[in-house]
Amino acid sequence: MALGNVVMEPADRVLVITRIFDAPRELVFKAWTSPDHLVHWMGPRGFKSTVLGSDLRPGGAYRIHMIGPEGDDHWTQGVFREIVEPERLVMAGSWADAQGNPTSPETLLTLTFDEHEGKKTRLTLHQALFESVTARDSHQGGWNSALDCLAEYLAAL
C-alpha cells in the first residue's frame, strides 16, 4: 500500500525482533558474518549448520545448510545487499532445495547493531515481506530460538 511517496508494509507480514546481547557490537556483527562463528549458533536449538558459501560483499552470495534434530535438511540462500560494519547487514534470501532452487518467496532481512549501555549490543532484526502470517510466525519461532543460541555462544566466548 502506498501513501504519497511512502510504501507501507502490511504489519501482519513483517517480523521485528529486538534483543540485547552482553557483547560488543563488533563481536555480534562478526558472529553474523563469519562462517567460523555462524556454525556455532545459526538455526533453532538442536540444529547443526554448515556454511556452504559466504561472499561477504554487496552482491555476494551466501548459502547455509541446516540439519534439524530429526535429520531433516533445510537450506537457506541469498545475496548480501548492504554491509556497514559493525552497524548494519542487509540480505535478500529464501529457503531452497538441495540443488539451490528457491522453495519460498524471497524476503529481505535487515539487521542493525547498536551500542547499548557500554559494551552491550542491541540487535534489531527486521524481516519482510512474508507470504503469510503463518510464514512470519514460523520464522519468529525459529529466529527467537537461534538468537537464544547466539546469546549462549557469545557468553561462552
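Use the structure listed above.
Below or above, wherever it landed, is the structure these notes cover. Worth saying up front: this structure is predicted, and the values here are computed from it rather than measured. (Residues numbered from 1 in each chain as written. Predicted model: local features only at pLDDT ≥ 70, side-chain atom pairs only at ≥ 80, totals over all residues. Heavy atoms only, no water.)

1. Details of the pairing of strand 4 (residues 48-54)
Turning to step 1, where the next piece is worked out: Strand direction decides the pairing type here: strand 4 and strand 5 (residues 61-67), joined by 6 bridges, are antiparallel. Bridge assignment links Lys-48 to a residue of strand 5, and that residue is Ile-67.
Turning to step 2, where the next piece is worked out: Between strand 4 and strand 5, which pair antiparallel in sequence order, lie 6 residues; one of them, Gly-59, sits at a positive phi of approximately 90 degrees. (Pairing = 2+ DSSP bridges. Helix = DSSP H or I, 4+ residues; strand = E, 2+ residues; numbered from the N terminus.)

2. Comments concerning the nonpolar core
Turning to step 1, where the next piece is worked out: Core analysis: the largest hydrophobic core is formed by 32 residues, its most contacted members being Trp-32, Trp-41, Leu-111 and Trp-143.
Turning to step 2, where the next piece is worked out: Here the element with the most residues in this core is helix 3 (residues 133-156); it accounts for 8 residues.
Turning to step 3, where the next piece is worked out: Once residues within four sequence positions are removed from consideration, Trp-32 is found in contact with Leu-38, Trp-41, Met-42, Leu-89, Leu-109, Leu-111, Phe-113, Leu-123, Leu-125, Trp-143, Leu-147 and Leu-150. (Core = buried A, V, L, I, M, F, W, Y, C linked by side-chain atoms within 4.5 Å. Buried < 20%, exposed > 50% of the residue type's maximum accessible area, 1.4 Å probe, protein only. Contact = heavy atoms within 4.5 Å.)

3. Looking at the environment of Pro-44
Turning to step 1, where the next piece is worked out: Mapped onto the elements, Pro-44 comes out in the loop between helix 2 (35-38) and strand 4.
Turning to step 2, where the next piece is worked out: With a relative accessible area of 22%, Pro-44 lands in the partly exposed category.
Turning to step 3, where the next piece is worked out: Spatially, the C-alpha atoms of Pro-44 and Gly-59 are 27 Å apart, while their sequence positions differ by 15 residues.

4. Things to note about the pairing of strand 5
Turning to step 1, where the next piece is worked out: Of all 7 residues that make up strand 5, 5 are buried, and the element is covered over most of its length.
Turning to step 2, where the next piece is worked out: With 7 bridges joining them, strand 5 and strand 6 (residues 73-84) adopt antiparallel strand pairing. Looking at the pairing, Ala-61 lines up with Val-79 of strand 6.

5. Side note on the pattern of salt bridges
Turning to step 1, where the next piece is worked out: Counted according to the given criterion, the structure contains 9 salt bridges.
Turning to step 2, where the next piece is worked out: Across the pair Arg-81 and Glu-106 runs a salt bridge, and its minimum N-O distance is 3.5 Å. Of this pair, Arg-81 sits in strand 6 while Glu-106 sits in the loop between strand 7 (88-96) and strand 8 (107-116); the two residues are 25 residues apart in sequence, bridging distant segments of the chain.
Turning to step 3, where the next piece is worked out: The partly exposed category is assigned to Arg-81, whose relative accessible area is 46%. (Salt bridge = Lys/Arg side-chain N within 4 Å of Asp/Glu carboxyl O.)

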